[in-house]
Amino acid sequence: MARFGQTPSLVEGALVVAGRTGLATLALFLAVVRRQRDGLGVGHDMSEPFLRAGGCACGAVRFTTTGRPRRGGLCHCLTCRKAHASAFNPFVVFAPASVEVVGKVTAWESSLGYLRYFCGLCGARVFAENRDESGDTEYELSLGSFDEPGWFTPEYESWTIRREPWLRPMDVPQNRRERRD
Ligand SMILES: [Zn+2]
Ligand SMILES: [Zn+2]
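The rules behind each value
Residues numbered from 1 in each chain as written. Chains lettered and ligands numbered in written order. Predicted model: local features only at pLDDT ≥ 70, side-chain atom pairs only at ≥ 80, totals over all residues. Heavy atoms only, no water. pLDDT = per-residue confidence, 0-100. Contact = heavy atoms within 4.5 Å. Donors = N, O, S within 2.8 Å, 3.2 Å for Na, K, Ca; no water. Buried < 20%, exposed > 50% of the residue type's maximum accessible area, 1.4 Å probe, protein only. Tetrahedral: all angles 85-135°; square planar, octahedral: opposite > 155°, others 65-115°. Helix = DSSP H or I, 4+ residues; strand = E, 2+ residues; numbered from the N terminus. Pairing = 2+ DSSP bridges. Axes fitted to C-alpha atoms, helices over the stretch in contact; angles between N-to-C directions. Phe/Tyr/Trp six-rings, centres within 6.5 Å; stacked < 30°, edge-to-face > 60°.

J.: With reference to specific residues and values, describe the confidence of the model for the protein chain.
T.: Here the protein chain averages 80 in pLDDT, and 73% of its residues register 70 or above. Ignoring residues within four places in sequence, the model shows residues 1-45, a span with pLDDT below 50, making 36 contacts including any to other chains.

Structure follows, in structure tokens:
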């Protein structure tokens, strides 16, 4: 029963952290905008910065993305289900230069070269890092981690053999397992 007694203070602490991080995020935003204005930003269309922000559930970890994602999908695989404690994982993929993360994260390698990062305080998944054999690295961010809905829409579905039977397929390419290139 002691566990229940601790809950309010944990929530209170998270709110304080979230409030403090709001200022840090504003500073980060300004830094990113300044970098673009100075012409140092890479990997995105300068005429359309398409700056988007998000973070973990408690606010201790924040991120921004600039430019359009390389692609976006929706994964029903068993690992995504468990890692997100959700029926599926909708995500967008960016080049590393388009993503900035502020705050302490912890990672676990769920498959070779694929690291899933989460906030050590609230446990929320923040992003994943995918390294292929050629050395290319991509960052994958879940739509649920962004501050607002409606910014991105999945272009395909993967691992539909694991899809919950009560979910209807989207009107996008369907992959029973991995995405077909
Ligand atoms: Zn957190
Ligand atoms: Zn998955």
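J.: Any chance you could break down the coordination of the zinc ion (ligand 2) for me, citing the residues and the numbers?
T.: The coordination sphere of the zinc ion (ligand 2), as far as protein atoms go, consists of Cys75 (SG), Cys77 (SG) and Cys80 (SG), spread over 2.2 to 2.3 Å. For the zinc ion (ligand 2), the donor residues sit on a single chain with the sequence spacing C-x1-C-x2-C. You'll find Cys75 and Cys80 in the same group, each marked buried.

J.: Which residues make up the coordination of the zinc ion (ligand 1), and what are the values?
T.: Donor atoms from the polypeptide that coordinate the zinc ion (ligand 1) comprise Cys56 (SG), Cys58 (SG), Cys119 (SG) and Cys122 (SG), at 2.4 Å from the metal. Around the zinc ion (ligand 1), the four donor atoms are arranged such that angles at the metal cover 105 to 113 degrees; this shape is classified as tetrahedral. Each donor residue of the zinc ion (ligand 1) lies on the same chain, and together they follow the pattern C-x1-C-x60-C-x2-C. With a gap of 66 residues between them, Cys56 in the loop between β1 (52-55) and β2 (62-65) and Cys122 in the loop between β7 (114-119) and β8 (125-131) connect regions that are remote in the sequence. On the basis of relative accessible area, Cys56 is assigned to the buried category, the value being 9%. Looking at Cys122, the relative accessible area reads 32%, which means it is partly exposed.

J.: With reference to specific residues and values, describe the sheet that holds β1.
T.: The strand order β1-β2-β5 describes an open sheet built from three strands, whose pairing is antiparallel. Two strands bound the open sheet, and with one partner strand each, they are β1 and β5 (99-102). Each adjacent strand pair in this sheet contributes to an overall mean axis angle of 20 degrees, direction not counted. With four bridges joining them, β1 and β2 adopt antiparallel strand pairing.

J.: Provide a residue-level description of the environment of Cys56, including the pertinent values.
T.: Between the C-alpha atom of Cys56 and that of Asp147, which follows or precedes it by 91 residues, the distance is 9.6 Å. If sequence neighbours within four positions are ignored, Cys56 has contacts with Val61, Cys119, Cys122, Ala124 and Val126.

J.: Can you lay out the packing of aromatic side chains for me, pointing to particular residues and giving the numbers?
T.: By the definition in use, this model includes eight aromatic pairs. Judged by centre distance (5.9 Å) and plane angle (70 degrees), the ring pair of Phe50 and Phe152 falls under edge-to-face. Highlighted residues: Phe50 in the loop between α1 (2-37) and β1 and Phe152 in the loop between β9 (137-142) and β10 (157-158), separated in sequence by 102 residues. Among the residues examined, Phe50 registers a relative accessible area of 13% and is labelled buried. Here the aromatic rings of Tyr117 and Phe127 are separated by 4.4 Å at their centres, their planes lie at 10 degrees, and the arrangement is stacked. Placement of the pair is Tyr117 in strand β7 and Phe127 in strand β8, with a sequence separation of 10 residues. Each member of the pair, Tyr117 together with Phe127, is buried. Connected via pairs of aromatic rings, a cluster forms that spans Phe50, Phe63, Phe94, Phe146, Trp151 and Phe152.

J.: Quick one: what's the story with unusual backbone geometry, residue by residue and with numbers?
T.: The backbone of Phe50 sits at a positive phi, close to 50 degrees, despite the residue not being glycine. Phi is positive for Ala85, which is not a glycine, with a value near 50 degrees. Topologically, Ala85 is positioned in the loop between α2 (78-84) and β4 (89-94).

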